[in-house]
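# Observations on the model geometry
Given next are the chains, with one letter for each unit.
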Amino acid sequence: MSETAARTTIRQRLARQYEKLVFDKPWLVICASAVIVALFAWFAQDFRLDASADSLLLENDPDWEYFRQVGNRFGVREFVVVAYAPQGELFTRPELEKLQRLQEELLAINHIERIDSILNVPIFADTPLTGISENYLTLLDEGVDLASARGEMIANPIYRDALISPDGRVSGMQLSIAVDETARTLVDRRAELRQLEAARSLDADGAAELREVEAAWAEYSIETNSRQHELIGAVRATLQRYRDGADIHLSGAPMIADDLVSFVRGDLSSFSIAVLVLIVVALGLIFRKLRFIAIPLLCCIAAATIMVGTLGLMDWRVTVVSSNFVSLLLIITISLTVHLTVRYRELRATRHFSRHGKLLRHAVLSMFRPCLYTALTTIVAFGSLIVSGILPIITFGWMMMMGVATALIVAFTLFPSIMSTLPADRARLSPDLRLNLTSALARLTDRLRGWTFVIYALILAVGVTGLTKLRVENSFIDYFRDSTEIHQGMSLIDKQLGGTLFFDAIVTLPEDEVSFDDSFDDPFNDPFNDPFDNPFDNSLGDGFDSGFDESSDDAYWFTAPRMAKVKAIHEYLDADPYTGKVLSLGSVVQLAEQLNDNEPVDGLLWAVMYKRIPQTLREAVLDPFVRIDDNELRFNVRVRESAPDLNRDELLRRVESGLEREFGFAPEQVRMSGLLVLYNNVLQSLFHSQILTLGVVMLAIMAMFLVLFRSWLIAVLCIIPNAIAACLVLGTMGWLDIPLDIMTITIAAVSVGIGVDNTIHYMHRFRREFPRFGNYRKTMHFCHDSIGRAMYFTSMTIVAGFSILVLSNFIPTGIFGLLTSMAMLVALVGSLTLLPQLLATFKPLGPESPQCTSQ
């Protein structure tokens, strides 16, 4: 027996087993399906969402590890910012007392460690530099002149743009969140073990420990996410009680992450339900028969339940990128069931005297191969996302590959088994299967002939031109509608309090700069202390760490030349038009010079400052920005996200190269860090990832066409309409100035993967009917009136399902829905116009047979 005959025999045996199970024992299949769905419904309770920073990163990004190290070294804590803008004057006793009550309530919230605001920072008034001590005044002290204090705070380089707006009308409160030591320990250990694994230095015990640590973190992160959600909820509830008479907004990375989870959860529930409702309406309008509404709907629910349960069982968490997976799964499932339904009704309309069971078997078996290949091409399209190198997109690709396979299995088991238990449909169907729109497209293609190529060449030119205008720059503010609280809060803080997101410039000073100036060579030059009194005694109180050791000579680190350089770096960063508030040791230098009658501060005074700086100010502006033992400085730079022409990558490169050029640092002495850097890494990888994923999906689908149709020419002709559709969608993004981001990068692959289904169904039917007609034009008209109807119905259902996403408050989801709908329409029209014209022109099925006529 030849290999081909052997494969044919195997396929025949599998087909017989399938028929015996699904058509002869339908109740067994239905009961087994019910049990499986119930089992996965139980696991669905473990379904989780994730919007943490590491869920939106490049895979194995080294900057993530550096970001973690910087946070540990400088003791950086997560925080949220409250912007408080009273309707009246802020600097009045009643308003400050109200603000104090709010601050006390916020501080009472569990896990809020400290709050920095205008209420608890020092008021220096006319205090000379040498008079700074722990006994400082605050706004709450009775003797403070509020008008003078207002002017001082606005002029203070530390407070302005951070705790008070430049116009003095908005107060900022920074709520520092307590460090979770358990989480830090798990993340640090996981990072250490992953580094060993990447270096191939991890032994069997280490690999086992890595699995244990990852499992422990996966479990513990559920608790941390829940705790953070509760914390943000408690802060919001507290702020709500004080909104009467004040405009109050909340912002910060933890709040953004929590809101993203809320948006994802809302989209998952509301749009999944909305898609189901649209499916019901569409099926009702198309088929007008209860069974052809209920059965596809049951298939959708079963497929969605199985997949949600699978994700819960495997602890695969849905991110912002994969938030639409349920809607996509429903659409793919309905597409498969609609094709089965249309084929069954087509056979019923043309074969009136055949039995219900025979028609059903014929319909299901005849559609299995094209549906299998459409599912496989869709799986390949989603599989192309795995090569993107972006972790959430990779995860989304795996989710959808599993989802499409689930949809195929459910559609070809549940649909025929339920139909087998139902009596024959006695409704009379007209044998005239023509649909006005598909028939009109056939006539239009017949009339245009070669002009079809000209039209699509122009469309391709428009798409390619738009591709040259694509950009990757985007901001978090633009992700949300103007009406949402998150947009309003980020916008206010961006404009009034120095910016929202930030990056860190980490500068390592050279060793030869670590020397003390001559002011301390003669101890009797000290005019403020007894020459034999140690000016560095430990009078700073408890809780002081971060690299400072009062028993050492740390004060000698603070030399006048070094502080001048720190100030110059600070002012260089602050002068950039796209940076907002800059916090660093340079802020302290500027404040010290203000208190020193705008004169430079020498080494002796810096030593006094180092000893006497108030603990509140030290913890806010000294400890998080200096590592004396490592000669390391941290400059925290906020960025004004609302700047219309902001280019993050250009900004980061300009800052890094500028520090090296202007201050003579070597490249290894300057490094950028922070969430903005991590997000920029993702954005900058998108062009490469888009080209890579689109190239992979095109090549893979070409290979699928070759296997299915066994013809290079047919494979090339079939890929052309889908390539044009993808090009037009990406070009439209360029023309409309819609940037590539982690959501829109998936549009091309998704569009090609789903849109190519039409091409496969049309080509499969065309090749089967061509020998019957022997004429390309006649075959085209027949296919438009048969399989074209199913293509139209499924495409319109898909478009309706994706269009509902436009209503999302998360703008990338809306753009995804709109552009994918557009791609589906272009792919449908291309399959019904360009593809048949290509077939008629290049004749891949051989020459026409004049003797063949329509039967």
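Notes on the structure in this doc start here. Treat the numbers as computed from the prediction; the structure is a model and nothing was measured.

A few words now on empty space enclosed by the protein. In the structure shown here, the tally under the stated rule is seven cavities of 30 Å³ or more. Size it by volume and the largest cavity reaches roughly 70 Å³. Looking at the largest cavity, the residues that line it are Phe558, Val588, Trp606, Met609, Tyr610, Ile613 and Leu622.

With that settled, consider the pairing of strand β5 (residues 502–508). Counting buried positions along β5 yields six of seven residues, so the element is predominantly enclosed. Pairing of β5 with strand β9 (residues 670–673) involves four bridges; the strand directions are antiparallel. From the neighbouring strand, aspartate 504 faces β9, where its bridge partner is serine 673.

It is worth spelling out the pattern of salt bridges at this point. On inspection of all chains with the given rule, the structure shows 32 salt bridges. The salt bridge partner of arginine 68 is aspartate 188, with a shortest N-O separation of 2.4 Å. Here aspartate 188 lies in helix α6 (residues 181–198) and arginine 68 lies in helix α3 (residues 62–74), a separation of 120 residues in the sequence. The salt bridge involving arginine 777 is made with aspartate 446; its shortest N-O contact spans 3.6 Å. Here the residue arginine 777 occupies a position in helix α24 (residues 776–785), and aspartate 446 occupies one in helix α13 (residues 436–448), the gap between them amounting to 331 residues. Taking relative accessible area as the criterion, arginine 777 reaches 14% and is therefore assigned buried. Shared partners join several salt bridges into a network, and the residues in it are Glu19, Asp24 and Arg361.

With that settled, consider the nonpolar core. Grouped together as the largest cluster of nonpolar side chains are 236 residues, with contacts concentrated most on Ile118, Leu139, Phe325, Phe382, Phe503, Leu585 and Leu659. Membership of the second largest hydrophobic core comes to nine residues, among which are Val81, Ala85, Val170 and Phe502.

Rules behind the numbers
- Residues numbered from 1 in each chain as written.
- Predicted model: local features only at pLDDT ≥ 70, side-chain atom pairs only at ≥ 80, totals over all residues.
- Heavy atoms only, no water.
- 1 Å grid on protein atoms, 1.4 Å probe; cavity = no way out; pocket = protein on both sides within 12 Å on 5 of 7 lines; lining within 4 Å.
- Points joined across faces, edges and corners; volume = space filled by probe spheres on them.
- Buried < 20%, exposed > 50% of the residue type's maximum accessible area, 1.4 Å probe, protein only.
- Helix = DSSP H or I, 4+ residues; strand = E, 2+ residues; numbered from the N terminus.
- Pairing = 2+ DSSP bridges.
- Salt bridge = Lys/Arg side-chain N within 4 Å of Asp/Glu carboxyl O.
- Core = buried A, V, L, I, M, F, W, Y, C linked by side-chain atoms within 4.5 Å.

Keep in mind that these numbers describe shape and distance, not what the molecule does.
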